[in-house]
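# Topology and contacts: notes
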Amino acid sequence: MGNYHQFDVVVIGAGGAGLMAALYASKTASTAVLSKLYPTRSHTGTAQGGVGAALGNEGEDHPEWHTFDTVKGSDYLGDQDAIEFMCFEAVQAVYELEHYGLPFSRTPDGRIAQRPFGGHTNNVTGKPVSRACYAADRTGHMILQTLYQQCIKNHVNFYDEYQVLDMLIENGAAAGVIALELATGELHTFHAKAIIIATGGHGRIWEITSNAYTFTGDGPAIAMRRGIPLEDMEFFQFHPTGIYRLGILITEGVRGEGGILVNDKGERFMEKYAPKVKDLASRDVVSRAMYLEMREGRGIGGKRYLYLDMRPETVNKYAALDGRKRTDGSPYMVTGEELLSKLPDIVDFARTYLGVDPVAQPMPIQPTAHYAMGGIPTNKLGEVVIDEGNTVLPGLYAAGECACVSVHGANRLGTNSLLDLIVFGKYAGLQAAEFSRGASFQTLPSDPTDNIRQQLDLIRNSDGEEKAYTISNEMKAVMFDEVGVFRSQEGMQKALDKVHELQERLKHVRRPDQGKIFNTELINTWELGNLLDLAEITTVSALRRTESRGGHAREDFPSRDDANWLKHTLAWNKDGAISLGYKPVTITKYQPKERVY
Ligand SMILES: Cc1cc2nc3c(=O)[nH]c(=O)nc-3n(C[C@H](O)[C@H](O)[C@H](O)COP(=O)(O)OP(=O)(O)OC[C@H]3O[C@@H](n4cnc5c(N)ncnc54)[C@H](O)[C@@H]3O)c2cc1C
């Protein structure tokens, strides 16, 4: 067989989750990482604000408090055993990154610096606590560089710019993956005992998004086509502060450093919606408040944006009103230079994309599609589970944004994704290596590339007149309007009908470039198929859930309904027909309560 490779463990994706998994798997097993991007271009590199861990370096903090905040932030849909595991592992995981050489920002006495983030609180006072460990506003960049260096040191085998298009499951166990070498157009078969999916998110479904162009949900789409269900896909997070019209993210760290949200009347409107933590309420709460302000005509100049104000005079005024103190007990005051040194990239983005100097002027912002809470179901060891009874699929693992453990439930807290990557990436890597020690390779079908070649040929030989980018734009617009911050039966049905129409039209796309070398047209069309399939499963899952919880807010069912809906959705796509099932939420210590911020 030409283009055949064999490894104990194959990792798909070289972001924070994939690299952490590879680092741990490679300690005992032969390990390959396949990535459609050069590893350090992965989206993890854009993460700005920080990684959450209750180190207590800047005020009292405890892993128990982090656990409770995450459960509450998840609107009680997160599995509490997994959340507790993550929050207690967090402290060690951050020190481990420090020891690998990650250049964290420091407190004056040399410890890892920490700042407040939405939903992270002192559980006694209810006030914001400093829990986000950061390297200026380049935390993800530093994580990615640090882990990549460690992987190189450990001789992990990298296949850069190899895009995985299919996965093989034989005898009910993981058997291998098929990847396209982008530089040559050749298909390669990777025979593996264990596979770890770490392909990141799918935010390119929506028009305004903070997500990279490559966030096309390849991992979940491939898994779904091989019979694996997707969990809680109706829960997608809209981050409150994307740059107006562009969606590029302005980190929540700006509000952590004291920035506030302002409407057209100059009011700090979050005081009304979350009297205790105000601008640092959880993201679902803030995004909804912004929509309500704009709907009631208080967007800036009546338009669909608001201001994020981080001018030192504003920060200092509100910090004094809130009684905010520094760790040494002195009043919290900032200067322009300080903000510049803590948020250099944000200042740069605002100057470049908005022509605004954020130390002198407020920034125009709007909610932006940001994070997939749903994905490939796993347990807390990263093993993929495939039904209501959490049956494990032997040899298959998932970690990072493409996975649903579920630690984020219906809404993720800021800084908990980078944490999720390093904790569950590590355990997925360890488990996969351990599994591969006792397992043998599954026998592959005689032509393992047959299935994907047929899929690609359908696109290559298409003879229609449809343009992929028109289909993509129509999907993004309808999903942003109807399956966004607020949802309704009527709107979502309209979106679903549109998605079905677009799936049909994609079959009649204009014949693409027939070349073999870096054929981006072919690949982008295949990726658009993934986005449409995930848009469909998201909307079907959302239509069925007749309640509001976390990131899923329905105008026709405005309350949370624990009696009927305290459960995870599982959605299967069997040959184009979607079916839904449900499984219970794991509750250990914290009984569901109303969320008050
Ligand atoms: C702008 C921005 C800022 C953020 N800031 C923060 C923050 O401050 N704190 C926080 O906790 N979270 C933050 N997040 C969220 C967090 O960064 C992401 O959820 C996380 O980095 C995703 O990591 P990952 O390893 O799952 O995926 P990624 O880092 O995106 O990596 C995915 C990898 O999969 C590969 N891949 C994808 N498809 C294929 C395929 N078909 N074949 C082969 N390879 C494939 C890609 O090449 C890439 O290497 C932010 C997100 C964004 C977008």
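The shown structure was predicted, so the numbers you read here are calculated from the model rather than taken from an experiment.

Thresholds, definitions, all that
Residues numbered from 1 in each chain as written. Predicted model: local features only at pLDDT ≥ 70, side-chain atom pairs only at ≥ 80, totals over all residues. Heavy atoms only, no water. Helix = DSSP H or I, 4+ residues; strand = E, 2+ residues; numbered from the N terminus. Rg over C-alpha atoms; globule rule 2.2 N^0.38 Å. Buried < 20%, exposed > 50% of the residue type's maximum accessible area, 1.4 Å probe, protein only. Polar contact = N/O pair within 3.5 Å; in protein donor to acceptor, adjacent residues only side chain to side chain. Contact = heavy atoms within 4.5 Å. Pairing = 2+ DSSP bridges. Axes fitted to C-alpha atoms, helices over the stretch in contact; angles between N-to-C directions. Core = buried A, V, L, I, M, F, W, Y, C linked by side-chain atoms within 4.5 Å. Domains from an automatic or database assignment. Near = heavy atom within 4 Å. Areas by Shrake-Rupley, 256 points an atom, 1.4 Å probe, with all protein chains shown as cover. Nonpolar A, V, L, I, M, F, W, Y, C, P; charged D, E, K, R; others polar. Parallel < 35°, antiparallel > 145°, perpendicular 65-115°, else oblique. Left-handed = near helix turned anticlockwise from the far one by under 90°. Right-handed = clockwise from strand over helix to strand, strands pointing away. Phe/Tyr/Trp six-rings, centres within 6.5 Å; stacked < 30°, edge-to-face > 60°. Lys NZ or Arg CZ within 6 Å of the ring centre and 35° of its normal. Expected span 1.5 Å × (residues − 1).

### Things to note about the overall build of the chain
Regarding its fold elements, the chain presents 17 helices and 22 strands. Scaling as 2.2 N^0.38, a compact globule of 597 residues should have a C-alpha radius of gyration of about 25 Å, and the chain matches this with 23 Å. Considering only C-alpha atoms, the chain reaches an extent of 70 × 50 × 50 Å along its principal axes. Evaluated residue by residue, the chain yields a buried proportion of 63% over its 597 residues.

### As for the side chain of His 5
Here His 5 lies in strand 1 (residues 4-12). Residue His 5 is classed as buried on the basis of its relative accessible area of 15%. In this structure the side chain of His 5 is engaged in a polar contact, spanning 3.5 Å, whose partner is the side chain of Tyr 159. Setting aside residues no more than four positions away along its own chain, His 5 makes contact with Tyr 159, His 188, Thr 189, Phe 190 and His 191.

### Details of the sheet that holds strand 10 (residues 230-231)
Taken together, three strands build an open sheet; the order of strands is 10-21-22 and the sheet is antiparallel. Each of the sheet's edge strands pairs with one partner strand only, and the pair in question is strand 10 and strand 22 (577-584). Relative to strand 22, strand 21 (residues 567-574) runs antiparallel, the two being bridged by eight bridges. The residue bridging Leu 570 from the neighbouring strand is Gly 581, located in strand 22. Strands strand 10, strand 21 and strand 22 of the sheet are contacted by helix 16 (residues 520-544), whose axis makes an angle of about 55 degrees with strand 22.

### Quick notes on the nonpolar core
Core analysis: the largest hydrophobic core is formed by 107 residues, its most contacted members being Leu 34, Ile 197 and Met 479. When residues are assigned to domains, this core turns out to be shared by domain 1 (244-369) and domain 2 (450-557), each giving three or more. Counting residues in each nonpolar core, the second largest holds 59 residues, with Val 9, Leu 19, Met 20 and Leu 418 among its members.

### Comments concerning the environment of Thr 28
If you trace the backbone, Thr 28 turns up in the loop between helix 1 (16-25) and strand 2 (31-35). In this structure, Thr 28 is in contact with Ala 433 and Arg 437, ignoring residues within four places of it in sequence. Looking at Thr 28, its side chain comes within polar contact range of the side chain of Arg 437, at 3.4 Å.

### Details of the site of the ligand
Around the ligand, a shell composed of 39 residues is seen, among which Ser 42, His 43, Thr 44, Glu 401 and Leu 418 lie nearest. Between an oxygen atom of the ligand and a main-chain N or O atom of Leu 37, the distance comes to 3.1 Å. Look at the ligand: alone it shows 1,000 Å² of surface, and the protein chains cover 98% of it. Elements that contribute at least two residues to the shell around the ligand include exactly helix 1, strand 2, strand 7 (162-170), strand 14 (363-372) and helix 12 (416-438). At four residues, helix 12 tops the list of elements feeding residues into the shell around the ligand. Residues that form the shell around the ligand fall into these classes: 14 nonpolar, 21 polar and four charged.

### As for the packing of helix 15 (residues 489-506) against helix 16
Contact geometry for helix 15 and helix 16: axes closest at 10 Å, N-to-C directions at 155 degrees. Our classification of the angle between helix 15 and helix 16 gives roughly antiparallel. When you trace helix 15 past helix 16, the crossing you get is left-handed. Along its contact with helix 15, which presents Gln 489, Met 492, Gln 493, Leu 496, Val 499, His 500, Leu 502, Gln 503 and Leu 506, the element helix 16 presents Thr 525, Leu 528, Gly 529, Leu 532, Asp 533, Ala 535, Glu 536, Thr 539, Val 540, Ala 542 and Leu 543. Looking at the contact of helix 15 with helix 16 residue by residue, the classes come out as eleven nonpolar, seven polar and two charged.

### Here's the deal with the sheet that holds strand 5 (residues 128-133)
A sheet is described by the order of its strands in space; here three strands give the open sequence 3-5-4, paired in antiparallel fashion. The sheet terminates laterally at strand 3 (51-52) and strand 4 (114-121), the two strands that pair on one side only. Looking at chain direction, strand 4 and strand 5 are connected through four bridges and run antiparallel. Its bridge partner being in strand 5, Thr 121 is matched across the sheet by Pro 128. Of the strands in this sheet, strand 3, strand 4 and strand 5 touch helix 2 (residues 63-73), which is tilted by about 45 degrees from strand 4.

### A closer look at the pairing of strand 2
In terms of residue burial, strand 2 counts as a mostly covered element, since five of its five residues are buried. In this sheet, strand 2 lies alongside strand 1 in parallel orientation, the contact comprising four bridges. Each bridged residue has a counterpart across the sheet, and for Val 9 the counterpart in strand 2 is Thr 31. After leaving strand 1, the chain enters helix 1 and then returns to the sheet as strand 2, a path that is right-handed. In this structure, strand 2 lies alongside strand 6 (residues 157-160), joined through four bridges in parallel fashion. By the bridge assignment, Ala 32 is partnered in strand 6 with Asn 157.

### Here we look at the packing of aromatic side chains
Taken as a whole and assessed by the stated rule, the structure comprises 19 aromatic pairs. Pairing Tyr 305 with Tyr 307 gives two aromatic rings, centres 6.2 Å apart and planes at 65 degrees, and the pair type is edge-to-face. Residue classification places Tyr 305 among the buried residues on the basis of a relative accessible area of 13%. For Tyr 307, a relative accessible area of 25% translates into the label partly exposed. Across the ring face of Tyr 134, the terminal group of Arg 115 is positioned such that the distance to the ring centre comes to 3.9 Å. Above the ring of Tyr 371, the side-chain terminus of Arg 412 is found at 4.0 Å from the ring centroid.

### A short note on helix 14 (residues 468-482)
Taking 1.5 Å as the rise per residue, helix 14 with 15 residues should run 21 Å; its terminal C-alpha atoms sit 21 Å apart, in good agreement. Listing the buried residues of helix 14 in full gives Ile 471, Ser 472, Met 475, Lys 476, Val 478, Met 479, Phe 480 and Glu 482.

### Considerations on helix 15
Relative to the 26 Å expected for 18 residues at 1.5 Å per residue, helix 15 spans 26 Å between its end C-alpha atoms, a close match to the ideal helical length. Restricting attention to buried positions, one finds in helix 15 the residues Gly 491, Met 492, Ala 495, Leu 496, Val 499, Leu 502, Gln 503, Arg 505 and Leu 506. Structurally, helix 15 contributes buried residues whose contacts are with helix 14, strand 19 (486-487), helix 16 and strand 20 (553-554).

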